[in-house]
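The lines below spell out each chain.
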Amino acid sequence: MNRRLALLAVIVAALSGTAVLTAQAILRSSLHDYRIVPVADALIQPWSIAFLPGGDVLITERPGRLRIVRQGKLLPQAVDGVPPVFTSSQGGLLEVMPHPNFASNRLLYLSYSKAGATEAQAHTVLIRGRFENDRLTDVKEIFAAIAQGRNHFSGKIAFDKQGYLFLSAGDRQAPPEGNLEAHPAQDLSNHQGKILRLHDDGRVPADNPFVARTGARPEIWSYGHRNVQGLVIHPETGDLWANEHGPQGGDELNRIEAGKNYGWPVIGYGVNYTTGLAIHRGTHREGMEQPVQVWVPSIGISSAMVYTGDKFPQWRGNLFVGGMARPKLVRLTLNGPRVVAEEALLPNLGRVRDVKQGPDGFIYIVTDDRDGKPTPVFRIEPIARGPVS
């Protein structure tokens, strides 16, 4: 076993606590055999990964660092120019996303939690800056959420083909108790538990669904969300897909439409963490959307990606979601707005925080550790299918 394979065996053994996966191990799925290979190691609570023209890879670390992987090596110095972030058990530096025209304009977007006057007043912000010479310059804050609470900052970013930017804002862990219809996620006067739609410079599009409603925040695209962890535009249909954490059980996948109410906390499929008692009024209500897919028990859902590459041809068009519990990766076959098949992948690989397709067509997996221990980023590579033993 060469040095690379030995490193992988040690890393995965430490992360899984059960079966040891190595690059020599063939992992089987119904359509492709594959293996996992380490790409970078010793990252501290990595959260998001992005790929730049020319081959550089950017990875956010939640404590506030933006890191570069260049030619297969993690550079020792973090990127200069990233603003200070508010770090808590869930807050910090979150998503990194290049502008769709990054190759010509060098614009880079970051979401993070920004300190307020008190811990509860920390809030999610979106900035963009120019990334050149390994530095972030000309940084501008283009959106700040009207929200307060302890956790659930969300901060996922997606661009559609028209260049509109979608941003998720969590419900800030506002307690689902009392009058559920008055919960902040159901209140259009704030950004808690919402998905937002912006121009790429932070301006509000004139055709957003609540622009003309008195008292409503004009950035809101959809509401009734808890804590969106994956946000992706389907490259063929243009549909916006989002997955979000339920409470104890009830992780959801939703197809997002303008102006729709996705129900949290009035309807849902989870229960209270401490008591195990019901949270919701029920699972259905007129005027509130049903999830396309629900996971009970929860998989600790995270990230979303539609595969379009050539390395796994039979996975093309499939939606992948990560998991911080088990399974660690789920492949969903879509038929228009419906999920028609589900397959669990990667049963033992730590906490999967982000899943992205690289420009090389491989699938990249970001793992983190709840206690802040160093963790790696992996790549999933295909293996020619042999006989099943």
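Residues numbered from 1 in each chain as written. Predicted model: local features only at pLDDT ≥ 70, side-chain atom pairs only at ≥ 80, totals over all residues. Heavy atoms only, no water.

Novice: Just to check I follow, could you spell out the overall build of the protein chain for this structure?
Specialist: Along the backbone of the protein chain there are 2 helices and 25 strands. Relative to the 2.2 N^0.38 estimate, which gives 21 Å for 389 residues, the radius of gyration of the protein chain is 20 Å and therefore close to what a compact globule would have. Oriented by its inertia axes, the alpha-carbon framework of the protein chain measures out at about 65 × 45 × 40 Å. In the protein chain, buried positions account for 57% of the 389 residues. Across the protein chain, contacts joining residues at least 24 apart in sequence account for 55% of those joining residues at least 6 apart. For the protein chain, the exposed surface amounts to about 16000 Å²; the carbon and sulfur share of it is 50%. Here the protein chain holds 42 positive side-chain charges and 37 negative ones, and the gap between their average locations is 4 Å. (Helix = DSSP H or I, 4+ residues; strand = E, 2+ residues; numbered from the N terminus. Rg over C-alpha atoms; globule rule 2.2 N^0.38 Å. Buried < 20%, exposed > 50% of the residue type's maximum accessible area, 1.4 Å probe, protein only. Contact = heavy atoms within 4.5 Å. Areas by Shrake-Rupley, 256 points an atom, 1.4 Å probe, with all protein chains shown as cover. Lys, Arg positive; Asp, Glu negative; His and termini not counted. Charge placed at Lys NZ, Arg CZ, Asp CG, Glu CD.)

Novice: Honestly, the side chain of R172 in this entry has me stumped. Any pointers?
Specialist: By the element assignment, R172 lies in the loop between β12 (165-169) and β13 (194-198). Comment: no salt bridge for buried R172; closest opposite-charge side chain is D171, at 7.2 Å. From its side chain, R172 meets the backbone oxygen of N151 in a polar contact 3.0 Å long. (Salt bridge = Lys/Arg side-chain N within 4 Å of Asp/Glu carboxyl O. Polar contact = N/O pair within 3.5 Å; in protein donor to acceptor, adjacent residues only side chain to side chain.)

Novice: I would appreciate a short explanation of the nonpolar core in the present structure.
Specialist: Counting 19 residues, the largest nonpolar core has Y109, L126, F143, I157, L165 and L167 as its most contacted members. At the level of elements, β10 (135-144), β11 (154-159), β12, β13 and β14 (220-223) are the ones that each hand at least two residues to this core. Counting residues per element, this core draws most heavily on β12, at 3 residues. With residues near it in sequence (within four places) discarded, L126 still touches Y109, L110, S111, K140, E141, I142, F143, I157, L165, L167 and L198. (Core = buried A, V, L, I, M, F, W, Y, C linked by side-chain atoms within 4.5 Å.)

Novice: I tried to follow the confidence of the model for the protein chain on my own but got confused; where do I start?
Specialist: Do not read the predicted coordinates in detail wherever pLDDT is low. In the predicted model, the protein chain carries a mean pLDDT of 93, and 93% of its residues have values of at least 70. In this model, residues 1-20 is a region of pLDDT below 50 whose contacts with residues beyond four sequence positions or in other chains number 37 contacts. (pLDDT = per-residue confidence, 0-100.)

Novice: Would you mind going over the sheet that holds β14 with me for this structure?
Specialist: Here we have 4 strands laid out as an open sheet, ordered β11-β12-β13-β14, and antiparallel in their pairing. The open sheet has two edge strands, β11 and β14, and neither has a second partner. Looking at each pair of strands side by side, their axes are set apart by 20° on average, direction ignored. Where β12 meets β13, 5 bridges bridge the pair, whose relative direction is antiparallel. From the neighbouring strand, F166 faces β13, where its bridge partner is R197. (Pairing = 2+ DSSP bridges. Axes fitted to C-alpha atoms, helices over the stretch in contact; angles between N-to-C directions.)

Novice: What should I look at first to understand the pairing of strand β9 (residues 123-132) in this one?
Specialist: Looking along a regular strand, one sees the side chains alternate between the two faces of the sheet. For β9, the buried fraction is high: 8 of the 10 residues fall into the buried class. Inspection of the sheet shows strand β8 (residues 107-114) paired to β9 by 8 bridges, in the antiparallel sense. Across the sheet, the residue bridging to K114 is H123, located in β9. Relative to β10, β9 runs antiparallel, the two being bridged by 7 bridges. Within β10, the position partnered with L126 by the bridge is F143. In textbook terms, the turn of a hairpin is the stretch between consecutive antiparallel strands, and for β9 and β10 this stretch comprises 2 residues, one of which, N133, has a positive phi near 55°.

Novice: How do you make sense of the pattern of salt bridges when you look at a structure like this?
Specialist: Should their charged atoms come close, side chains of opposite charge can pair. Evaluation of the coordinates by the stated rule reveals 24 salt bridges. Between R379 and E381 there is a salt bridge; the shortest N-O distance is 2.9 Å.

Novice: Any chance you could explain the side chain of S29 here in plain terms?
Specialist: By the element assignment, S29 lies in the loop between β1 (27-28) and β2 (33-44). Engagement of the side chain of S29 in a polar contact is seen with the backbone oxygen of H32, the distance being 2.6 Å.

Novice: Any chance you could explain unusual backbone geometry here in plain terms?
Specialist: Trans peptide bonds make up most of the peptide bonds, and negative phi angles are found at most residues other than glycine. In this chain, W264 is followed by P265 through a cis amide linkage whose omega measures -5°. Relative to the assigned elements, P265 resides in the loop between β17 (251-256) and β18 (293-295). The linkage connecting V296 with the following residue, P297, adopts the cis geometry, with an omega of 5°. Within the chain, S154 stands out as a residue other than glycine whose phi angle is a positive 55°. Owing to a relative accessible area of 5%, S154 belongs among the buried residues under this scheme.

Novice: Help me out: how do you make sense of the pairing of strand β16 (residues 240-244) in this one?
Specialist: Taken across its 5 residues, β16 has 5 buried, putting it largely inside the fold. Both strand β15 (residues 228-233) and β16 contribute to a ladder of 5 bridges, which runs antiparallel. The residue bridging G230 from the neighbouring strand is N243, located in β16. With antiparallel pairing between neighbouring strands as the criterion, β15 and β16 make up a hairpin whose turn holds 6 residues, including G238 at a positive phi of roughly 80°.

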